[in-house]
Amino acid sequence: MITLRKITLENRREIFNLEVTEDQRRFVASNLSSVASCYVIATNGGHPFPFAIYADEKPVGFVMITYKITSYELPTVAEEGYCILRLMIDKHHQNRGYGREAMERILAFIRTCPAGPAKVCWISYKADNLPANRLYESFGFRDNGEIIGDERITVLQL
């Protein structure tokens, strides 16, 4: 069973050591960098929610959800909702359905509107990241036509 858990002093090293495959590194920042980004977002008026993704009692991934971020180039829908800014499953735990189950938990968390009301959830992704695109589309995300940097913006109406 997949759960989202806070990153603590006890589990932080395990979370920082999780990584994607070599060919996936261009798609996602390291978990350590992402947790550092949480500080920047929080000190600039945003609301970051970093979580460890656990399969039973084993850490298998990381997700960083944000609300009202201001420290990045943003799409037009950014002020209307939450963003799944980072999502990764460790290379040793991929292809087991953990990403799909994690996305269910992530969206359930977002729908509680923990930092404020929202109309959408959005994610940016590189066009050649086909597994991510398929996962997002399967949950109802749709590209809105925007490209920020070299990443497409995909949006889910909440």
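Residues numbered from 1 in each chain as written. Predicted model: local features only at pLDDT ≥ 70, side-chain atom pairs only at ≥ 80, totals over all residues. Heavy atoms only, no water.

If you check an unreviewed UniProt entry, the protein chain appears there as GNAT family N-acetyltransferase from Paenibacillus albus.

### Let's talk about the pairing of strand β3 (residues 58-67)
Put simply, the test is: Note on exposure labels: buried denotes an accessible area under 20% of the residue type's maximum, exposed denotes more than 50%, and partly exposed covers the range between, all computed with a 1.4 Å probe on protein chains only. For helices the rule is a DSSP run of H or I covering at least 4 residues; for strands it is a run of E covering at least 2, with both sets numbered from the N terminus onward. Pairs of strands are assigned from DSSP output, requiring at least two bridges between the strands.
Across the 10 residues of β3, nine count as buried, placing the element largely inside the fold. Direction of pairing for strand β2 (residues 47-55) relative to β3: antiparallel, over a ladder of nine bridges. Following the sheet pairing, F51 is matched in β3 by V63. Across seven bridges, the pairing between β3 and strand β4 (residues 81-89) is antiparallel. For M64, the partnering residue across the bridge sits in β4 and is R86.

### Here we look at unusual backbone geometry
Backbone geometry places N95, a non-glycine residue, at a positive phi of 65°. For N95, a relative accessible area of 82% gives the class exposed. Backbone geometry at C113 places phi at a positive 50°, although glycine is not the residue there. You can call C113 partly exposed: its relative accessible area is 29%.

### Observations concerning the environment of R105
The cut-off we apply is this: Residue contacts follow a heavy-atom distance rule, with two residues in contact if any of their heavy atoms lie within 4.5 Å.
With respect to the helices and strands, R105 occurs in helix α3 (residues 98-110). As a C-alpha pair, R105 and I2 span 103 residues in sequence and 7.8 Å in three-dimensional space. Look past the residues within four positions of R105 in its chain and what remains in contact with it is M1, I2 and L4.

### Side note on the sheet that holds strand β1 (residues 2-6)
As a general point, the strands of a sheet are linked pairwise by backbone hydrogen bonds and lie either parallel or antiparallel. How we decide: Axes, fitted as lines to C-alpha atoms, cover a helix only where it is in contact. Angles between the N-to-C directions of the axes lie from 0 to 180 degrees.
Read from one edge of the open sheet, seven strands run β1-β2-β3-β4-β5-β7-β6, paired in mixed fashion. Single-partner strands in this sheet number two, and they are β1 and β6 (142-148). On average, adjacent strands in this sheet sit at an angle of 30° to one another, irrespective of strand direction. For strand β5 (residues 120-126) and strand β7 (residues 151-157), the ladder comprises seven bridges, and the chain directions are antiparallel. Paired with Y125 across the two strands is R152, which belongs to β7. Packing of α3 onto the sheet brings it into contact with β1, β2, β3, β4, β5 and β7, and relative to β4 it is tilted by some 155°.

### Points about the packing of aromatic side chains
Basically, it comes down to this: Only the six-membered ring of Trp is used, alongside the rings of Phe and Tyr, when aromatic pairs are assigned; centres must lie within 6.5 Å, and planes under 30 degrees apart are stacked while those over 60 apart are edge-to-face, with the rest tilted.
In total, this model carries five aromatic pairs according to the counting rule given. An angle of 70° between the planes, with centres 5.2 Å apart, marks the rings of F49 and F109 as edge-to-face. Of this pair, F49 sits in strand β2 while F109 is found in helix α3, placing the two residues 60 residues apart along the sequence. Ring centres of Y125 and Y136 lie 6.0 Å apart, and the angle between their planes is 70°; on these two criteria the pair is classed as edge-to-face. With a gap of 11 residues between them, Y125 in strand β5 and Y136 in helix α4 (residues 130-138) connect regions that are remote in the sequence. In terms of burial, Y125 and Y136 fall into one category: buried. Through pairs of rings, three or more aromatic residues link up here, namely F49, F51 and F109.

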